[in-house]
Amino acid sequence: MLPALLVVLAGIAAPAPAAAPVDELHSQLLALRRRSEGIRPGTPDARPVAAELARIGRGYLEKGDTGRAVELLEEAYGWDEENGLVLALLTLAYVRRSEFPFARFYLDLAEQRAPRAPAQAYQILGEIYYSLNRLEDAVLAWEHFQTLGGESPATLSRLSKVRQELALASGQRYLETEKFSFFWDPAIPAPVVESIANRLASAYREQSEFFATELPASQIVILYTGRSYFSLVSIPDWVSGVFDGKIRVSLDPDGGLTGELSAVLSHELAHSFIRHSSADRAPGWLHEGIAQWLEGKRIPVSEMRGEFRRHAPHSLGEMEGNLARRSDRAVARSNYVQSLAIVEYLFERHGGGAVACLVRGLGEGRTFAEALKVETGLTPDELFRSWKAWAEL
C-alpha cells in the first residue's frame, strides 16, 4: 500500500523554473488550445501538445492546485499515453490528493513506460519508490536519472544516502498489519515487534478519534537496533525516534516495550496524523506540542514558571526557527517545553476539540492565524500574550 508520506511529498520533481502565476498558466493554456486545434491525439503531432499540457499541469501542481493539475495531466495522457513524465506527474498529483487507488494505477503505468521516460520522470519515481520503502527501486531510478543527465544536487545527495541506507536495511524483516507496514532489524525479537504493533494499533485508534480522521494509507515503521541510520542523517544521540514520513525508532532489542519506547511511538505517530490532518501546514511548534501531549506528557504551570525564570519565552516565530536546531540540546529542550506549555494552555482554556479543529482548519486551507481565530478568537500575538498571562510569566 502507498504510505502516508506520499500525502505530503513536496517539491520532489526535478528542479523546474519557478512556477508561473496562475493567470499566466491560464493564458498559456488558452494559447495551447488554439495551437492544437485540428491535431489528433496519439499522433506524432500530439506529443508536443502533451508535453506542453504536462508543463502547465506541473505549474498548477507547484501552486497547490491539485484538482486543476490532475485535470490537465489526465488530458495530457489522452494526447500521448506513452509519455512517462506525464504518468509520473499524474502519480504524484493523485498522491497529493490522497487518492491512492488512482496513484497506484498511474504508478504501474509509469513503471511500464519507464524505459521511454525522460530523466525527470525517474527523479519523481525515485522519490515515490523511496516513500514506499522500495529502496533498491529508488536507487535504480535515481541512478538512471543520473545516467540520463540529471544534475539535481539534492537528488544526487539523496541517492548517496539511500545507497547507505540500503546497506543498513539488509536482512530486515517485514510485517503488514491493518494500519502499519513494519520493517525491523532481525536482532529485535518477534514478541517485541508484536508488542510494538499492538501499542501502535491502540495509539492509532486514540489519535484517529482525536483528529476525526484516519491516515490515508499504511504507515511505514522502521525499527533499528543501533544508531547507524540516525548517524547517517545526523540525528542527535539523545533522540531515539524521528518521523520523516516513516516512523523510525532506535531501541534496545532486549529491553521490551518500555514506557519510554511507548511514548516515542505515540509521539511519532502523532506527527503523521498532524501532517495528514493539516495537509502539512502545521507550524513546527504546534507539531511538537501536540505530539508531546498525545504521548502523555503534561507540564504544570509551576514547572513553566521554573523553566522561564532565567530567560524570557521565545515568540512563536522564534520557536519555529529554534526547533530546527536539534544539535543544541539545551535550545531544543527549551523549545519543546514551551511548545508543550502553549498546547497545554490551548487544551486547558479551549479544549481538545478546538485543538483538533485548529489542525483540520489548516488542512482546509486556512492560514494559522485564520484557523486560530476561528477556534479560539485569538490572533497569534494574543495567544502568546494570553498564554504568558495564564502561566504568570
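Everything numeric here is computed off the predicted structure, so don't read it as measured data. (Residues numbered from 1 in each chain as written. Predicted model: local features only at pLDDT ≥ 70, side-chain atom pairs only at ≥ 80, totals over all residues. Heavy atoms only, no water.)

A. Region of interest: helix α5 (residues 100-113). For α5, spanning 14 residues, the distance from its first C-alpha to its last is 20 Å, which sits close to the expected 20 Å at 1.5 Å a residue. Buried within α5 are the following residues: F100, A103, Y106, L107, L109, A110 and R113. On its buried face, α5 sits against α3 (66-79), α4 (84-96) and α6 (119-131). (Helix = DSSP H or I, 4+ residues; strand = E, 2+ residues; numbered from the N terminus. Expected span 1.5 Å × (residues − 1). Buried < 20%, exposed > 50% of the residue type's maximum accessible area, 1.4 Å probe, protein only. Contact = heavy atoms within 4.5 Å.)

B. Region of the structure containing the environment of D80. Tracing the backbone through its elements, the reader meets D80 in the loop between α3 and α4. When the C-alpha atoms of D80 and T155 are compared, they prove to be 27 Å apart, with 75 residues separating the residues in sequence. Excluding residues within four positions of it along the chain, D80 makes contact with R47 and A50.

C. Representation of helix α9 (residues 190-211) within the structure. The first and last C-alpha atoms of α9 sit 31 Å apart over 22 residues, in line with the 32 Å expected at 1.5 Å per residue. Looking only at α9, the buried set comprises V192, V193, I196, A197, L200, A203, Y204, Q207, S208 and F211. Considered in projection along α9, the buried side chains sweep an arc of 135° and stay on one side of the axis. In α9, the exposed positions angled more than 90 degrees off the buried face are occupied by P191, E194, R205 and E209. Those residues of α9 that are buried lie in contact with β2 (180-184), β3 (219-224), α11 (259-277), α12 (284-295) and α16 (352-363). Positive backbone phi, at 55°, marks A212, one or two positions downstream of α9. (Arc of directions from axis to C-beta.)

D. Here's a closer look at the packing of aromatic side chains. Under the definition given, this model contains 20 aromatic pairs. Through pairs of rings, three or more aromatic residues link up here, namely F180, F182, Y204, F210, F211, F273, W293 and F347. A cation over a ring is seen here: R298 above W293, with NZ or CZ 3.4 Å from the ring centre. (Phe/Tyr/Trp six-rings, centres within 6.5 Å; stacked < 30°, edge-to-face > 60°. Lys NZ or Arg CZ within 6 Å of the ring centre and 35° of its normal.)

E. Layout of the sheet that holds strand β1 (residues 173-176). Read across the sheet, 5 strands follow the order β1-β2-β3-β5-β4 without closing on themselves; strand pairing throughout is mixed. Single-partner strands in this sheet number two, and they are β1 and β4 (241-243). The sheet shows a mean angle of 15° between the axes of neighbouring strands, taken without regard to direction. Direction of pairing for β3 relative to strand β5 (residues 247-250): parallel, over a ladder of 4 bridges. The residue of β5 that forms the bridge with L223 is V249. Packed on one face of the sheet, α11 meets β2, β3, β4 and β5 and runs near 10° to β4. (Pairing = 2+ DSSP bridges. Axes fitted to C-alpha atoms, helices over the stretch in contact; angles between N-to-C directions.)

F. Quick look at the pairing of β2. Among the 5 residues that make up β2, 5 are buried, leaving the element largely enclosed by the rest of the structure. Along β2, one buried face is formed by F180, F182 and W184 and the opposite face, lined by S181 and F183, is buried too. As paired strands, β1 and β2 are joined by 4 bridges and run antiparallel to one another. Bridge pairing in β2 places E176 opposite S181. Here β1 hands over to β2 after 3 residues, the two strands then running antiparallel side by side. Here β2 runs beside β3; their pairing, made up of 5 bridges, is parallel. Each bridged residue has a counterpart across the sheet, and for W184 the counterpart in β3 is L223. Viewed along the sheet, the connection from β2 through α9 into β3 turns out left-handed. (Right-handed = clockwise from strand over helix to strand, strands pointing away.)

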